[in-house]
Amino acid sequence: MFFTKNKERKTEGLKRYLTLKRQVADSIITYAKSCHPNEGILILQGKAKKDNILVDGLVVPPFASHGPYYSGFPTYDLPFDLSYIGTAHSHPGGTNRPSLEDLNNFYGFISVIISYPYSDADIGAFDRNGNKVRVEIV
Ligand SMILES: [Zn+2]
């Protein structure tokens, strides 16, 4: 009986998906292109529900650092804001899979990664365990 319960919970987790507003997806693409060949990083604003994460805004993090293999920002400088639900960053030379550092520096509920050449199809999303999350652009 417990086994069945656990199994159900697991399936629930896998059903989680990310909704990006068209405008947000376009802004991530534009930002990634403008940072290229360096990485760019943005904060995602929106709402995280049990099975859906909605992103409807972006914030350029203060004091962000950019490099060809690294982008980040000091989270202690961020204002406490419940609408900050994750980050989006670019991978100028790689895949949109999260790196080990990405998983170690996970912020919020969701990590969006966009890889070169930065089109809709290059957008990937992951939870804090590195599991792929389905992306929907509306
Ligand atoms: Zn990364």
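**Student:** Which parts of the structure should I look at to understand the nonpolar core?
**Tutor:** Within soluble globular proteins, side chains that are nonpolar tend to cluster in buried spots. In terms of nonpolar packing, the biggest core is built from 26 residues, with Leu18, Ile28, Leu42, Leu44, Ile110, Val112 and Ile114 touching the most fellow members. The set of elements that each furnish at least two residues to this core consists of β1 (17–20), α2 (22–35), β2 (41–48), β3 (52–59), β6 (84–91), β7 (110–115) and β8 (123–126). For this core, the element with the most residues is α2, which contributes 5 residues. Every residue in contact with Val112, bar those within four places of it in the chain, is listed here: Ile28, Leu44, Gly86, Ala88, Ile123 and Ala125.

**Student:** How should the confidence of the model for the protein chain be read in this particular structure?
**Tutor:** For any part of a model where pLDDT is low, the fine detail of the predicted coordinates should not be relied upon. Mean pLDDT over the protein chain works out to 85, with 78% of the residues at or above the 70 mark. Helix α1 (residues 2–14) is the least confidently modelled element of the protein chain, averaging 47 in pLDDT, while β8 averages 97, the highest of any element. Considering only residues more than four positions removed or in separate chains, one finds that residues 4–13, a stretch of pLDDT under 50, has 0 contacts.

**Student:** Would you mind showing me how to read the environment of Ile29 here?
**Tutor:** With respect to the element layout, Ile29 can be found in helix α2. Along the sequence, Ile29 and Asp120 sit 91 residues apart, while their C-alpha atoms lie 7.9 Å from each other.

**Student:** How do you make sense of the sheet that holds strand β9 (residues 132–137) when you look at a structure like this?
**Tutor:** Working definition: the strands of a sheet are paired by backbone hydrogen bonds and lie parallel or antiparallel to each other. The strand order β1-β3-β2-β6-β7-β8-β9 describes a closed barrel built from 7 strands, whose pairing is mixed. Strand-to-strand twist of the sheet, defined as the mean angle between neighbouring strand axes without regard to direction, takes the value 35°. Note that β1 and β3 share 4 bridges and pair parallel. Note on β3: the bridge partner recorded for Leu20 is Val55. Here α2 sits on the sheet and contacts β1, β2, β3, β6, β7, β8 and β9; the angle it forms with β3, its principal contact strand, is near 50°.

Rules used throughout
Residues numbered from 1 in each chain as written. Predicted model: local features only at pLDDT ≥ 70, side-chain atom pairs only at ≥ 80, totals over all residues. Core = buried A, V, L, I, M, F, W, Y, C linked by C-beta atoms within 7 Å. Buried ≥ 20, exposed ≤ 12 C-beta atoms within 10 Å, placed from the backbone. Helix = DSSP H or I, 4+ residues; strand = E, 2+ residues; numbered from the N terminus. Contact = placed C-beta atoms within 7 Å. pLDDT = per-residue confidence, 0-100. Pairing = 2+ DSSP bridges. Axes fitted to C-alpha atoms, helices over the stretch in contact; angles between N-to-C directions.

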